[in-house]
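What the coordinates show
Okay, here's what each chain looks like letter by letter:
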Amino acid sequence: MKWITHILGATLITALLLKAFPISMGFILSVIAGSILPDLIEFMLNIQHRSIVFHNYLGAFILLLLGTGVSWILGLGLGYLHHLVLDSVTKKGVFFLNRRVYGSLNTNEAIDNLAVFGVHVIIVVPLVLL
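Counting of residues starts from 1 at the beginning of each chain's written sequence and follows it residue by residue. In keeping with the model being predicted, local features are shown solely for residues with a pLDDT of at least 70 and side-chain atom pairs are shown and tallied solely at 80 or more, while totals for entire chains, interfaces and linings include all residues. Side-chain metrics in this entry use all non-hydrogen atoms of the structure; hydrogen atoms and water are not considered.

1. Observations regarding helix α6 (residues 110-129)
Working definition: helices are DSSP H or I runs of at least four residues, strands are E runs of at least two. Numbering for both runs from the N terminus. Helix span, expected: 1.5 Å multiplied by one less than the number of residues in the helix. Spanning 20 residues, α6 covers 27 Å between terminal C-alpha atoms, matching the ideal 28 Å at 1.5 Å per step. Relative accessibility thresholds used throughout: buried, under 20% of the residue-type maximum; exposed, over 50%; partly exposed, between the two (1.4 Å probe, protein chains only). All buried positions along α6 are accounted for by Asp-112, Asn-113, Val-116, His-120 and Val-124. Whether two residues are in contact is decided by their heavy atoms, any of which lying within 4.5 Å being enough. The inward-facing, buried residues of α6 contact α1 (3-20) and α5 (71-88).

2. A closer look at the pattern of salt bridges
Oppositely charged side chains can form a pair if their charged atoms are brought close together. One speaks of a salt bridge when a side-chain nitrogen belonging to Lys or Arg is within 4 Å of a carboxyl oxygen belonging to Asp or Glu. Counting across every chain of the model gives one salt bridge. Note that Arg-50 is salt-bridged to Asp-87, the shortest N-O span being 3.2 Å. With a gap of 37 residues between them, Arg-50 in the loop between α3 (37-44) and α4 (57-66) and Asp-87 in helix α5 connect regions that are remote in the sequence. Like Asp-87, Arg-50 is buried.

3. Quick notes on the nonpolar core
What makes a nonpolar core is a set of buried Ala, Val, Leu, Ile, Met, Phe, Trp, Tyr and Cys residues whose side-chain atoms join them at distances within 4.5 Å. Of all hydrophobic cores here, the largest spans 10 residues; its members are Leu-37, Phe-54, Tyr-57, Ala-60, Leu-63, Ile-73, Leu-76, Tyr-80, Leu-84 and Val-94. Elements with a contribution of two residues or more to this core: α4 and α5. No other element matches the four residues that α5 contributes to this core. Not counting residues within four places of it along the chain, the set of residues in contact with Leu-84 comprises Phe-54, His-55, Asn-56, Tyr-57, Ala-60 and Val-94.

4. Looking at the packing of helix α2 (residues 25-34) against α5
Look at α2 against α5: their axes get within 6 Å of each other, and the N-to-C directions meet at 35°. When the axes of α2 and α5 are compared, the crossing they make is right-handed. Residues Phe-27, Ser-30, Val-31, Ala-33 and Gly-34 of α2 form the contact with α5, whose participating residues are Ser-71, Trp-72, Leu-74, Gly-75, Leu-76, Leu-78, Gly-79, Tyr-80 and His-83. The axes used here are C-alpha line fits, helices contributing only the stretch in contact, and every angle between their N-to-C directions lies in the interval 0 to 180 degrees. A clockwise turn of the near helix away from the far one marks a right-handed crossing, whereas an anticlockwise turn of less than a right angle marks a left-handed crossing.

Shown next as structure tokens:
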């Protein structure tokens, strides 16, 4: 998925979390930052995109475990996990340990990114408005 799809999707997820929990602006920003973290790390380290190291569910689970007592780390973990879930539905996919998980959507197709964002809107907006 494109970075904008990750950010918009994570923003909707944080709106839902905000309705359910008393979360801080720092937590919200960390979720949004976490939603692009795998791509950002690979770019900064000049590593091939969708590497087994950073596009792996193991990384998200580690962040979630580390974040049990630190809200901004938990936010990064949630955003990171959200990123991986979205990338899991693309043809290139991501890794679950050493196994690739993938779907049929094309990362570079605007219609596929719009569809993923649309699913977020259809699911999240009614829950936020309840």
